[in-house]
Amino acid sequence: MIEKKGIPTSPGIAIGKAFVYKKANVKVEKHVLNTEAEIRRFEHALEETKKQIKELKKKALKEMGEEKAAIFDAHLMILEDPAFTDKVLKYIRERGLSAEEAVVKTARDIAAIFEIMEDEYMKARAEDIRDLGNQILEKLAGTCRELKLEEPSIIIARELLPSDTVKIKRENILGFVTELGGVTSHVSIIARAMGVPAVVGIKNLTQTVKNGDVVIIDGYRGVVIVNPEEEILKTYREKMEEDLRQREEFKKIGKLPAVTKDGVSFEVAANIGEPSEVYLAMENGADGIGLLRTEFLVMGSEKFPSEEKMTKELKKIIARLEDKPVIVRTLDIGGDKPISCLKLPKELNPFLGLRGIRLSLNRKEIFKSQLKAILRNNTRGNIKIMFPMVSLVEEVTEARKIVEEVIEELKSEGVKVGKTEIGIMVETPSAALMVDALAEHVDFFSIGTNDLTQYTLAVDRTNEHVAYIFDHLHPSVLKLVNHVVEKAHEKGKWVGVCGEIASDIDAIPILVGLRVDELSVAPLFIPRVKRIIRFITYKEARELAFKALKTQTAQEVRELSRRFMKNRAKNI
Ligand code: PEP
Ligand code: MG
């Protein structure tokens, strides 16, 4: 039995068999004597890789549509191109290289040709070549790269990127454990959205755990147990049942309004990242969607999706909302989220680069097509539009003007567009400090504390070496939140919070005390947030918030909040 402690990033308890997802990193012989046998090995691995790609394509077609599936056609074309296979065979025959060495060299040679191309799109193809090379290597080594789960499993990986998780069938995921990552990394967000537990930051786990080992994830304590003793397994089975029972109870609480004991109301909304999550949001009692991340429309697509396609995809979400309000955030890509269907420049500091609204204003045709897709769906006036990563007033006025132009264009086509409120994310210190000026140009604000913390504390939110600095409860961040709420309210504007802070148990009473209007969280957290709000009074929460603003460290804030909650609500 092995027990390890990591960072809990999605609540819940899961017990199941391990599926260890390893990317190839195989040590092999450089030279071989029997070249014919080596050629046969290569040809077999090539066929297996093609088979795998065809299967992935079928799956992508069914689950994500034609555009996202197109990438697999491109991969097949590369593998069928003699320029690739002949080169591998030549290396084996003429230089006596092993199949692995020949594949590595071929992939490197061909990738190098793409890499020096001017065209950014062609440049990016180098990655495809390397990726294909790796896939063949894995077939040669007999390890499995695709996340193909035959049965419900616990996924164990060094890290999981969007391109990895897109391959998994959701019904078969019991939970995630990764060696890298933090609360705001992709795997954590996905786990919370899916309602499965996740623990991240456990070193060397992929070396210790084998496929099929029995694993327990405790997503509350951040504990992972491999091959537990019978006694422990029994205790955890009971805990899991109790947890499931409690979740059912929580769902009932989710249906109640979020009102403090002294009668102050808050909205509790859901953050979602794709159509399938709306169901989870509604089931858990969301008052609306406080953040619809629209990146799912373009992730993994070979071509930028058409306006028609985006309209259809968004409709899937809107149709399930029963007229509840939804804040649709325009594309927040660029920088750290490279998208294969856009030729984006390589940047030295992507988090400070061409991302969010900056990219939209730089590629107006794309921005307009997304706005049209959103607005075509707003026949009933329950859709609000939000711009990410704003740092200047001019960005807002320019973006707003484009929205107005698009509305006029649609109206002239005879499309009925309902009233559309326009807001911005407050994710940069500049936006937070300029909120009174910005309030003249927007209808609402939503504070994105994930990025606001990153930019305020100057700490890369994805970098584990400085993860100890990243705490959205740092008083500097709270001061900015307080400033935004005060100034926005003076101008009669509404303020939500949609960063991960809104589901942090220590933070909820403070956000209540700072009098934000809405907390938007992953669907699974909605009942928990409502439960806390219903347990406290606004008056006392306000006193707590003002004490928190006077502290010097995030730790002090957490201690204050824990003391506050201890006497008020047990077992939250
Ligand atoms: C944020 O920055 O807090 C936010 C909600 O946006 P994202 O996590 O998508 O960057
Ligand atoms: Mg953000």
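Residues numbered from 1 in each chain as written. Chains lettered and ligands numbered in written order. Predicted model: local features only at pLDDT ≥ 70, side-chain atom pairs only at ≥ 80, totals over all residues. Heavy atoms only, no water.

## Notes on the site of ligand 1
- Not every one of the 13 residues close to ligand 1 is listed here, only the nearest: R293, R329, G448, N450 and R461.
- A distance of 3.3 Å is found between an oxygen atom of ligand 1 and a backbone nitrogen or oxygen belonging to G448.
- Between ligand 1 and R461 there is a distance of 2.9 Å, counted from an oxygen atom to a side-chain nitrogen or oxygen.
- Expressed as a share of its isolated accessible area of 290 Å², the protein-covered part of ligand 1 is 98%.
- Put simply, the parts of the chain that give the shell around ligand 1 at least two residues each are β11 (289-293) and α17 (449-456).
- The element that contributes the greatest number of residues to the shell around ligand 1 is α17, accounting for 3 residues. (Near = heavy atom within 4 Å. Polar contact = N/O pair within 3.5 Å; in protein donor to acceptor, adjacent residues only side chain to side chain. Areas by Shrake-Rupley, 256 points an atom, 1.4 Å probe, with all protein chains shown as cover. Helix = DSSP H or I, 4+ residues; strand = E, 2+ residues; numbered from the N terminus.)

## Structural notes on the pattern of salt bridges
- Within the structure shown, the criterion is met by 39 salt bridges.
- Salt-bridge contacts for E313 lead to K316; the nearest nitrogen and oxygen are separated by 2.9 Å. With E313 and K316 both in helix α11 (residues 307-318) and 3 residues apart, the pair spans about one turn of that helix.
- With relative accessibility at 17%, the residue E313 sits in the buried group. (Salt bridge = Lys/Arg side-chain N within 4 Å of Asp/Glu carboxyl O. Buried < 20%, exposed > 50% of the residue type's maximum accessible area, 1.4 Å probe, protein only.)

## What to know about the coordination of the magnesium ion (ligand 2)
- Note on the magnesium ion (ligand 2): its protein donors are E427 (OE) and D451 (OD). The metal-donor distances range over 2.0 Å. With a gap of 24 residues between them, E427 in the loop between β14 (422-426) and α15 (429-433) and D451 in helix α17 connect regions that are remote in the sequence.
- D451 gets classed as buried once you look at its relative accessible area, which sits at 3%. (Donors = N, O, S within 2.8 Å, 3.2 Å for Na, K, Ca; no water.)

## So, the side chain of K493
- Position of K493 relative to the elements: it lies in the loop between α18 (475-490) and β16 (494-497).
- The charged side chain of K493 is buried without a salt bridge, its nearest counter-charge being D443 at 5.2 Å.
- Engagement of the side chain of K493 in a polar contact is seen with the backbone oxygen of A439, the distance being 2.7 Å.
- Excluding residues that lie within four positions of it along the chain, K493 makes contacts with A439, V442, D443, F445, A488 and D517. (Lys, Arg positive; Asp, Glu negative; His and termini not counted. Contact = heavy atoms within 4.5 Å.)

## Examining helix α7 (residues 186-194)
- Most of α7 sits out of view: 7 of its 9 residues are buried.
- Positioned one or two residues after α7, G195 has a phi angle of 80°, which is positive.

## Considering the sheet that holds strand β5 (residues 173-178)
- Pairing is mixed in the open sheet, where 8 strands are placed in the order β1-β8-β7-β3-β4-β5-β6-β2. What marks the edges here is a single partner per strand, and that holds for β1 (2-5) and β2 (7-10). With strand direction ignored, the average angle separating the axes of adjacent strands in the sheet is 30°.
- Of the strand pairs in this sheet, strand β3 (residues 13-21) and strand β4 (residues 153-157) are connected by 5 bridges, and their pairing is parallel. Note that in β4 the partner of F19 across the bridge is I155.
- Strands β2, β5 and β6 (198-200) of the sheet are contacted by α7, whose axis makes an angle of about 160° with β5.
- Together, β3, β7 (214-218) and β8 (223-226) form the strand contacts of helix α9 (residues 230-254), whose direction differs from that of β3 by roughly 110°. (Pairing = 2+ DSSP bridges. Axes fitted to C-alpha atoms, helices over the stretch in contact; angles between N-to-C directions.)

## Observations concerning the environment of I422
- Structurally, I422 can be placed in strand β14.
- As a C-alpha pair, I422 and I385 span 37 residues in sequence and 4.9 Å in three-dimensional space.
- Residues contacting I422, with those up to four places away along its chain left out, are I385, F387, R400, V403, V442, D443 and F444.

## Focus on the packing of aromatic side chains
- Taken as a whole and assessed by the stated rule, the structure comprises 2 aromatic pairs.
- Between F444 and W494, the aromatic rings sit 5.8 Å apart at their centres with planes inclined by 80°, giving edge-to-face as the arrangement. Placement of F444 in strand β15 (residues 444-447) and of W494 in strand β16 is noted, with a sequence separation of 50 residues between them.
- Here F444 falls in the buried class, since its relative accessible area comes to 1%.
- In this arrangement the basic side chain of K384 is found over the ring face of W494, its NZ or CZ atom lying 5.7 Å from the centre. (Phe/Tyr/Trp six-rings, centres within 6.5 Å; stacked < 30°, edge-to-face > 60°. Lys NZ or Arg CZ within 6 Å of the ring centre and 35° of its normal.)

## Structural notes on unusual backbone geometry
- In this structure, D323 takes a positive phi of about 70° despite not being glycine.
- Structurally, the position occupied by D323 is in the loop between α11 and β12 (326-329).
- Judged by relative accessible area, which is 45%, D323 ranks as partly exposed.
- Phi at M389 takes a positive value of approximately 60°, unusual for a residue other than glycine.
- Mapped onto the elements, M389 comes out in the loop between β13 (383-387) and α14 (393-412).

## Overview of the domain arrangement of the protein chain
- Domain assignment breaks the protein chain into domain 1 (2-22 + 146-227), domain 2 (35-141) and domain 3 (259-571).
- Using only C-alpha atoms to locate each centre, domain 1 and domain 3 end up separated by 27 Å.
- Contacts between domain 1 and domain 3 engage 12 residues on the former and 15 residues on the latter.
- Taken together, domain 1 and domain 3 are joined by 0 salt bridges.
- Seen at the junction of domain 1 and domain 3, the total is 0 residue pairs in polar contact (both at pLDDT 80 or more).
- Among the elements that line the side of domain 1 that touches domain 3, the one with the most residues is α7, at 4 residues.
- Here the residues of the side of domain 1 that touches domain 3 sort into 8 nonpolar, 2 polar and 2 charged. (Domains from an automatic or database assignment. Nonpolar A, V, L, I, M, F, W, Y, C, P; charged D, E, K, R; others polar.)

## As for the packing of α9 against helix α20 (residues 526-535)
- Two numbers describe how α9 lies on α20: the axes approach to 8 Å, and their chain directions differ by 65°. The two elements α9 and α20 meet at a crossing, and its hand is left-handed. When α9 is examined against α20, the residues F250, K251, I253 and G254 are found in contact with a partner set consisting of P527, R528, K530 and R531.
- Counted by class, the contact of α9 with α20 contains 3 nonpolar, 1 polar and 4 charged residues. (Left-handed = near helix turned anticlockwise from the far one by under 90°.)

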